[in-house]
Amino acid sequence: MLENNERMLMKREIVFLQDMKRHLNNPKDPRTIIIEEHISLLEEAMDEKNIE
């Protein structure tokens with residue numbers, strides 16, 4: 001299981017990325033796609049580590 005500090009940092013990073021995404025107006029902007037993928041990977045990593 002992830003340590004509490006790691007989980008907290010991942011959550012903060014997700015919030016930061018979601019804030020960045022809100023400032024991008026074009027959903028087809030490559031940066032939006034990269035941000036969405038990064039958020040997805042972070043959430044997936046948190047879910048996988050939570051199972052173990």
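Right, let's walk through the structure included here. (Residues numbered from 1 in each chain as written. Predicted model: local features only at pLDDT ≥ 70, side-chain atom pairs only at ≥ 80, totals over all residues. Heavy atoms only, no water.)

**Overview of helix α1 (residues 4–22)**
Line of reasoning, step 1. The terminal C-alpha atoms of α1 lie 27 Å apart, and with 19 residues this matches the ideal 27 Å at 1.5 Å per residue to within 8%.
Line of reasoning, step 2. Taken together, the buried positions of α1 are R7, M10, I14 and L17. Seen along its axis, α1 keeps its buried residues to an arc of 85°; they face one direction. For α1, the exposed residues set more than 90 degrees away from the buried face come down to N4, L9, R12 and R22. (Helix = DSSP H or I, 4+ residues; strand = E, 2+ residues; numbered from the N terminus. Expected span 1.5 Å × (residues − 1). Buried < 20%, exposed > 50% of the residue type's maximum accessible area, 1.4 Å probe, protein only. Arc of directions from axis to C-beta.)

**With respect to the nonpolar core**
Line of reasoning, step 1. Core analysis: the largest hydrophobic core is formed by eight residues, namely M10, I14, L17, L24, I35, I39, L42 and M46.
Line of reasoning, step 2. Listing elements by their share of this core, those giving two or more residues are α1 and α2 (30–51).
Line of reasoning, step 3. In terms of residue count, α2 provides more of this core than any other element does, four residues in total. (Core = buried A, V, L, I, M, F, W, Y, C linked by side-chain atoms within 4.5 Å.)

**Comments concerning the side chain of T32**
Line of reasoning, step 1. Relative to the helices and strands, T32 resides in helix α2.
Line of reasoning, step 2. Classification of T32 by relative accessible area gives buried; the value is 4%.
Line of reasoning, step 3. Within the structure, the side chain of T32 is placed 3.3 Å from the backbone oxygen of N26, a separation counted as a polar contact.
Line of reasoning, step 4. Not counting residues within four places of it along the chain, the set of residues in contact with T32 comprises K21, L24, N26 and P27. (Polar contact = N/O pair within 3.5 Å; in protein donor to acceptor, adjacent residues only side chain to side chain. Contact = heavy atoms within 4.5 Å.)

Scope: geometric values only; no functional claims are made or implied.
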